[in-house]
Amino acid sequence: MHQLAYALTYVGIVIFVVGVVRRVVAYKNNPMHLRWELYPVAHEGGGRAAYGGGYLEEVDWWNKPRETSRVREFLVMFQEIFFIKALWEHNRFLWLVSFPFHLGLYLIIGLVMLTLFGAGALLAGMQADSGLMALVAGTSTIVAPIAFGLSLLGALGLLLRRLGDSELRKYSSFEHYFNLVLFIVVMGVALATWASVDRTLEMARGFIAGWVVLDFKAPDSSLFMLQAVLAVFTLAYIPFTHMSHFFMKYFLYHDIRWEDKPNVNAPEINKQIGEVLNYEPTWSASHIAIPGKKTWADIALFNPAAEPEEDNKTEK
Amino acid sequence: MNDPKQSDTAKDHKQVSIGDIGKNSEQLTTVKADDLMPLPGDVDFGDKDFEPLPDSTKEKYACILDDVNVLQIPMPKSRAEEEALVNKFLDGMRKLFDKQSNWTFLSMLETTMENCAKCNTCSDACHLFQASGHNEMYRPLFRSEIFRRIYKKYVKKEPFARWRSGDVELNWRTVARLGELAYRCNVCRRCAQTCPIGVDNALISREIRKIFSQEMGITVPELHERGSMLQLKVGSSTGMTKKAVIDAVEFIDEDFSEETGYKFKTPWDVKGADILLIHNAGEILSWPDNIAAFSIIFQAAGLSWTLSSDLAGYDNINYGVFYDDVQTARTALLHAQAAKNLGVKKIVFGECGHAHKALTVIADRILPPGLQIPRESCFPLLRDIVLSGKIKFDPERNNFPVTMHDPCNVTRLMGIIKPQRDIVHKLCPQFREMNPHGAHNYCCGGGSGFAVMSRSNITQWRCMVAGRKKFEQILNAFEDCRGPDVPKYVAAPCSNCKGQIRDLIAYYELREKEKLTYAGLVELIVNAMVDVKPGFIKWEDAM
């Protein structure tokens, strides 16, 4: 039975990776889009980002060096990712439950890293009673319940908010509730596993070490196996839901909201303009579907309302 | 509203749900005067319920959403016509997700479809949702979620879409109401600004408008036939031909030279000039003082500049940005061609927000290499002129309370915020900000094309609902000098916003009640010029 559980974890990880890659590749394969930036743009330099200004505030901006600040952009992203600043500013009540939920998830990611490190150290021959492993175990013992607990409380709060707020309930589908219940179950099982059989996450490190070297030892606890399978199922499921925003948010911010790169004789942009203007749209409205005009360039250069020059030829 | 029965009724008409969108009812919802967001102070501004639309309009067009009819969707007369409406809409929606047909916005649209968490954070950012007293129809998520559910179920055909994303009834009523709903949004994108994920539910409004225009051939006449098509035909949505526009500007030159005591001449078609200035031609007809002010300032600053009389070269409007990508591209190409024909070094836009964005930002990835003439806003240039010392000013001439409306296209969508402030801080001793302002401003209520619509009861809707938040902001900005004794000035440096604020002032009789007037930014600059006779701003004539 435990072999099946191991197999499921492999399948789950593969599905997760494929799901993420598929979505990112699909996005990146889209053609160039029009600029659609929204201010404040975080990387604007010269103190402009603070009040929402941008480089277009300069006369002859195309002749001037762009002042940008990657540090500021990083700081804004950091605040947005780790503190969900937009929610804090615009939807404080939801932030009270969303923030612990997400903070718990970030701690879990950290915990997974730590567990992977511990598993690697074990495989490298480090003794389980060494000082470093004791530190790993000690940290895990403290962080695990906080992480699982925060996410559990957050998911519970989000569920109650969605059920209790008629405005949110109107826009909630079965999937919203399923997702939150799934997280409640996963975090509940993880907390129970920690409390009852794996306080230091030693079992988790052993499982991962076995996972890496294909040594499928049966863990001592069926509760632990349930936790592993549930966790991997959740991981595999995320890229196929709106929760994909955890990685797609990067593109939504960097590639759309803050994508303000102007085309000042940029060969790469001009090449892409050449490509998209040769696309063949199939819109049917009479002002677009012009016989003989196939590409965007043909259609855009055609004036469906043009009059003979007579009216516009009058002397000045 | 103290009667519980009445309260329940009011609540019902506001609380529509997605499940109602295809309902067989004459009208889905309504906005009553009693529902509206209260205005500051205890002045009764006399808001009234909407009168029912005339039967002739209802017979002709599908007026089944609320009290207003913007998009003229022909009323289907048979089952076959009903089905055709639905099928055509679905065809258009499929094309929105096809890179050949919609490369322009595909990335934004797909990410908005897939990543929205339905957290409702965007709702309170919407001035329409707030102003309407939280009528569900105006919630940004209401419109976008109907669209999203149709997409997932009928276009993407996502397995278990009904459970995953929620169900929606799709029939001709759904399509007709969704089309109208796309015109209950100013596409100001304030909702998108607040989204923690980066989703843009305002974009959905524009994409729905595109389906109707680009696929179904159903458009708003003020934007299409009398807007972008008229501009492509004669050069301007005002209907002014080359000869008419030159005559009009010559008349403005003569008239204002005499009135201001400052002799100036607006140059036309100067080959090799540094700057091609493109105005919104609506200014020439409605606000000639704005045209004169630009000419006076540019001449006084000694700039090398010109206007163009080429097709569309004298009207910077690009109504395509409100509803149609192809019309956007066609108009942008004409503007750039006009600049190329004159061999100017750059294009500068007059006070017109959407024109700023259309040619500077949107067209940045439409114009082919030969037409990529540099383009910039008038505001940084005006700021540099005002601060340069080339022109002498007397700020005391502007010593009256002034506030400034930030056009969304210029501020939130282009990040041009400080230059206007540098000017008013130097020239207007009693300047005060609206709250919020800059990138976080509220739309005037005329955005995305509404400012040019006054058909039927659209003006009432624009003033009572769409412009209500702006109205509140204006009243709050002048909190310390309310009433008819102190003259007050709203600077609205955008032609469409200015038109909307003009209508707000007229609708609520604010000239009489508040001694409020409005105009652009350049009028304030010229009003403070020492070389110009005092009194460029005319408090009595501004309507």
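These numbers come from a predicted model, not from an experiment.

Draft legend 1. Seen up close, the interface of chain A and chain B. Contacts between chain A and chain B engage 85 residues on the former and 100 residues on the latter. For the pair chain A and chain B, the summed buried surface comes to about 8,400 Å²; carbon and sulfur atoms form 57% of the total. Area buried by chain A at its contact with chain B is led by Trp36, Tyr171 and Trp283 of chain A, which between them contribute 12% of it. Counting the contacts that link chain A with chain B gives 7 salt bridges. Among the ionic pairs, arginine 35 of chain A bridges to aspartate 364 of chain B, the shortest N-O distance being 2.8 Å.

Draft legend 2. Focus on the pattern of salt bridges. A full pass over the atoms with the stated rule returns 62 salt bridges over all chains. Across the salt bridge formed by arginine 70 of chain A and glutamate 73 of chain A, the nearest N and O atoms sit 2.9 Å from each other. Residue arginine 70 of chain A and its partner glutamate 73 of chain A are located together in helix 2 (residues 70-83), separated by 3 residues, close to a single helical turn. Salt-bridge contacts for glutamate 514 of chain B lead to arginine 482 of chain B; the nearest nitrogen and oxygen are separated by 2.9 Å. In this pair, glutamate 514 of chain B sits in helix 24 (residues 510-514) while arginine 482 of chain B sits in the loop between helix 22 (468-477) and strand 6 (488-491), placing the two residues 32 residues apart along the sequence. For glutamate 514 of chain B, a relative accessible area of 5% gives the class buried.

Draft legend 3. Focus on the confidence of the model for chain A. Looking at chain A, the pLDDT average stands at 94 and 97% of residues meet or exceed 70. This model gives residues 311-316 of chain A a pLDDT under 50, and the stretch forms 13 contacts once residues within four places in sequence are excluded.

Draft legend 4. How the structure looks around the packing of aromatic side chains. Under the defined criterion, the tally for this structure stands at 41 aromatic pairs over all chains. Between phenylalanine 89 of chain B and phenylalanine 212 of chain B the ring centres are 5.9 Å apart and the planes differ by 55°, which places this aromatic pair in the tilted class. Here phenylalanine 89 of chain B, found in helix 3 (residues 79-96), pairs with phenylalanine 212 of chain B, found in helix 11 (residues 201-215); they are 123 residues apart in sequence, far enough to count as distant. Across the pair, exposure class does not vary: phenylalanine 89 of chain B and phenylalanine 212 of chain B are buried alike. In textbook terms, an aromatic cluster arises when at least three aromatic residues are bridged by ring pairs, as seen for Phe74, Phe78, Phe82, Phe83, Trp88, Trp95, Phe99 and Tyr106 of chain A. Sitting above the plane of the tyrosine 183 of chain B ring, arginine 209 of chain B keeps its charged end 4.0 Å from the centroid.

Draft legend 5. Spatial organisation of the packing of helix 10 (residues 245-257) of chain A against helix 5 (residues 106-115) of chain B. With their axes 11 Å apart at the nearest point, helix 10 of chain A and helix 5 of chain B run at an angle of 150° to one another. Accordingly, the angle class assigned to the pair helix 10 of chain A and helix 5 of chain B is roughly antiparallel. In this structure, helix 10 of chain A meets helix 5 of chain B at a crossing whose hand is left-handed. Facing His245, Met248, Leu252 and Ile256 of chain A of helix 10 of chain A, the residues of helix 5 of chain B in contact are Ser107, Met108, Thr111 and Asn115 of chain B. Looking at side-chain class alone, the contact of helix 10 of chain A with helix 5 of chain B contains 4 nonpolar, 4 polar and no charged residues.

Rules used throughout
- Residues numbered from 1 in each chain as written.
- Chains lettered and ligands numbered in written order.
- Predicted model: local features only at pLDDT ≥ 70, side-chain atom pairs only at ≥ 80, totals over all residues.
- Heavy atoms only, no water.
- Contact = heavy atoms within 4.5 Å.
- Buried area = accessible area lost by both parts, 1.4 Å probe.
- Salt bridge = Lys/Arg side-chain N within 4 Å of Asp/Glu carboxyl O.
- Helix = DSSP H or I, 4+ residues; strand = E, 2+ residues; numbered from the N terminus.
- Buried < 20%, exposed > 50% of the residue type's maximum accessible area, 1.4 Å probe, protein only.
- pLDDT = per-residue confidence, 0-100.
- Phe/Tyr/Trp six-rings, centres within 6.5 Å; stacked < 30°, edge-to-face > 60°.
- Lys NZ or Arg CZ within 6 Å of the ring centre and 35° of its normal.
- Axes fitted to C-alpha atoms, helices over the stretch in contact; angles between N-to-C directions.
- Parallel < 35°, antiparallel > 145°, perpendicular 65-115°, else oblique.
- Left-handed = near helix turned anticlockwise from the far one by under 90°.
- Nonpolar A, V, L, I, M, F, W, Y, C, P; charged D, E, K, R; others polar.

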